[in-house]
Amino acid sequence: RGLGAEMMKKWIISEPEMRSVRRRPGQRFVVLATDGVWDVMTSNEVCLLIQANWNDSDHGASAVAQRAFEKGSFDNITVLIVDLKSSSLAPIRELDYCSARDEEHLDEKWIEEKWADF
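Now for a quick tour of the structure. (Residues numbered from 1 in each chain as written. Predicted model: local features only at pLDDT ≥ 70, side-chain atom pairs only at ≥ 80, totals over all residues. Heavy atoms only, no water.)

## Details of the overall build of the protein
Working step 1: Along the backbone of the protein there are four helices and two strands.
Working step 2: Element order for the protein, N to C, with α for helix and β for strand: β-α-α-α-β-α.
Working step 3: Across the 118 residues that make up the protein, the buried fraction comes to 20%.
Working step 4: Long-range pairs, those at least 24 residues apart, make up 56% of the contacts in the protein between residues at least 6 apart in sequence.
Working step 5: Of the roughly 9300 Å² of accessible surface on the protein, a fraction of 52% belongs to carbon and sulfur atoms. (Helix = DSSP H or I, 4+ residues; strand = E, 2+ residues; numbered from the N terminus. Buried < 20%, exposed > 50% of the residue type's maximum accessible area, 1.4 Å probe, protein only. Contact = heavy atoms within 4.5 Å. Areas by Shrake-Rupley, 256 points an atom, 1.4 Å probe, with all protein chains shown as cover.)

## What to know about the nonpolar core
Working step 1: Counting residues in hydrophobic clusters, the biggest one holds 14 residues, and the most contacted among them are Val 37, Met 41, Val 46, Ile 50, Val 64, Val 79 and Ile 81.
Working step 2: Among the elements that line this core, the one with the most residues is helix α3 (residues 61-70), at four residues.
Working step 3: Apart from residues no more than four positions distant in its own chain, Val 46 is found in contact with Val 31, Val 37, Trp 38, Met 41 and Val 64. (Core = buried A, V, L, I, M, F, W, Y, C linked by side-chain atoms within 4.5 Å.)

## Some words on the packing of aromatic side chains
Working step 1: Summed over all chains, the structure comprises one aromatic pair.
Working step 2: Consider the rings of Phe 29 and Trp 54, whose centres lie 5.6 Å apart with planes at 35 degrees: the pair is tilted. Here Trp 54 lies in the loop between α2 (43-52) and α3 and Phe 29 lies in strand β1 (residues 29-33), a separation of 25 residues in the sequence. Comparing Phe 29 with Trp 54, the two get one shared label, buried. (Phe/Tyr/Trp six-rings, centres within 6.5 Å; stacked < 30°, edge-to-face > 60°.)

## Observations regarding the pattern of salt bridges
Working step 1: What the rule picks out here adds up to three salt bridges.
Working step 2: Across the salt bridge formed by Glu 45 and Lys 71, the nearest N and O atoms sit 2.6 Å from each other. Of this pair, Glu 45 sits in helix α2 while Lys 71 sits in the loop between α3 and β2 (79-83), placing them 26 residues apart in sequence.
Working step 3: Here Arg 67 ties to Glu 70 by a salt bridge, and the two come within 3.9 Å at their closest N and O atoms. (Salt bridge = Lys/Arg side-chain N within 4 Å of Asp/Glu carboxyl O.)

## Concerning the environment of Arg 28
Working step 1: Tracing the sequence through the fold places Arg 28 in the segment before β1.
Working step 2: Each C-alpha atom of the pair Arg 28 and Ser 86 lies 9.0 Å from the other, and the pair is 58 residues apart in sequence.

Here is the structure:
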């Protein structure tokens, strides 16, 4: 998302795209990646690469980034893989989501209340 860079505002938005999806049993991971990945790779390609590199310390994030670069991505490339099966994760809870427009929710007290026992 574009933060700053006033001259780019007509092409780059700063409003995040967000959606909530209910987890289902058997889901192993979530991929968070920038356009530099999705511009040159399909979800299926990314998932297959992650599965092939799952035992790497980053679960294949660097392999996905490298492949996007090799495929000629001209955008920034960032990849984060969240292991949903990790025992170090907190239990799943229903949380309220807010957008940048919900300014009344964007204060430290609200964040502390929502995340206190997560």
